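Inside the fold
As a plain string of letters, each chain reads:
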Amino acid sequence: MSCRYMVAISSSLLRSTITLPTLSHFNRLKPPNSVRLIQSAFQLPVRQCPHRAMSRVSATHDEEAAAKAAATEANSGAPTIFDKIISKEIPSSIVYEDDKVLAFRDINPQAPVHVLVIPKLRDGLTELGKAEPRHEDILGHLLHASKIVAEKEGIVDGFRVVINSGASACQSVYHLHLHVLGGRQLKWPPG
């Protein structure tokens, strides 16, 4: 009952290497088709193990499930993990802080430099899709703080700022946050 071949593919590897329409189709497939898609895309022999269920990339599925679960609590007004980091209830590795924003290292980095920049006051700004004209100042301040973070981290010559807005973008914490990514060659399109 052992498998001859096993392929481990991380969700970040898939997102950064497959830029063909197959990725969107891949996300909708059932497990047996996913195995065939991986075989055809990478030309690797993959055999399903009878005692282990092979599924599409579980990390991607977990991210999607977490995002959908988080979305159900998005408008509850309950404190988020970021509120607890701001109040110092939860420790973090702070990179930059001023009176309006806090920037700290992501605990699950997707690049050598991966810093989150958040507003200290949520003010209804749970996601970018909820931004109103009254949020213009803080949105600009968040972008400027991202540039300061890039300078501090030595990546100002090449970095990316990402905002996930809503469950379909895999936003998992409903407190607006910007991801500052760099320290390696970033690819386009991002995924």
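A brief structural summary. (Residues numbered from 1 in each chain as written. Predicted model: local features only at pLDDT ≥ 70, side-chain atom pairs only at ≥ 80, totals over all residues. Heavy atoms only, no water.)

Some remarks on the overall build of the protein
What counts is decided by this rule: Helical segments are the DSSP runs of H or I of at least four residues, strand segments are the runs of E of at least two, and each set is numbered from the N terminus. Burial classification: accessible surface area is computed with a 1.4 Å probe over protein chains only, and a residue below 20% of its type maximum counts as buried, one above 50% as exposed, and the rest as partly exposed. Using a 1.4 Å probe, the Shrake-Rupley method yields the accessible areas, and only the shown protein chains count as cover for residues.
Counting its regular elements, the protein contains six helices and five strands. When the helices and strands of the protein are listed from N to C terminus, the series reads α-α-α-α-α-β-β-β-α-β-β. Buried residues in the protein amount to 35% of all 191 residues. Carbon and sulfur atoms form 55% of the exposed surface of the protein, whose accessible area is close to 11400 Å².

What about the sheet that holds strand S4 (residues 159–162)?
As a reminder of what qualifies: Two strands form a pair only when DSSP identifies at least two bridges running between them. Helix axes use the C-alpha atoms of the stretch in contact, all axes being lines fitted to C-alpha atoms, and the angles between their N-to-C directions lie in the range 0 to 180 degrees. Residue contacts are counted whenever heavy atoms from the two residues lie within 4.5 Å of one another.
Taken in spatial order, the five strands make up an open sheet running S1-S2-S3-S5-S4, and their pairing is antiparallel. The open sheet has two free edges, formed respectively by strand S1 (94–97) and S4, since each of these has just one partner strand. Geometrically, the sheet is characterised by an average inter-axis angle of 20° between neighbouring strands, direction not taken into account. Sheet analysis places strand S3 (residues 113–119) next to strand S5 (residues 178–182), joined by five bridges and oriented antiparallel. Considered in S5, the bridge of Leu-116 is made with His-179. Contacts between helix H6 (residues 136–153) and the sheet are confined to S1, strand S2 (101–105), S3, S4 and S5, with S3 contributing the most and set at about 150° to the helix.

Remarks on unusual backbone geometry
Working note: non-glycine residues mostly have negative phi, and peptide bonds are mostly trans. Of the consecutive residues Trp-188 and Pro-189, the connecting peptide bond is found in the cis state with omega at 0°. Within the fold, Pro-189 resides in the segment after S5. One non-glycine residue with positive phi stands out, namely Lys-88, at about 70°. Mapped onto the fold, Lys-88 is located in the loop between helix H5 (81–86) and S1. With a phi angle near 65°, Cys-170 is a residue other than glycine that sits in the positive phi range. Take Cys-170: it is sitting in the loop between S4 and S5. The exposure class assigned to Cys-170 is partly exposed, which follows from its relative accessible area of 26%.

Here's the deal with the pattern of salt bridges
Opposite charge on two side chains permits them to pair, given that their charged atoms come into close proximity. This is how it is decided: The term salt bridge refers to a pairing of a side-chain nitrogen on Lys or Arg with a carboxyl oxygen on Asp or Glu at a separation within 4 Å.
Across all of its chains, the model carries seven salt bridges by this definition. A salt bridge links Glu-97 to Lys-88; its shortest N-O distance comes to 3.5 Å. Exposure remark for Glu-97: the relative accessible area of 37% places this residue in the partly exposed category. For Lys-88, a relative accessible area of 47% gives the class partly exposed. Members of the salt-bridge network, linked through shared partners, are Lys-88, Glu-97 and Lys-120.

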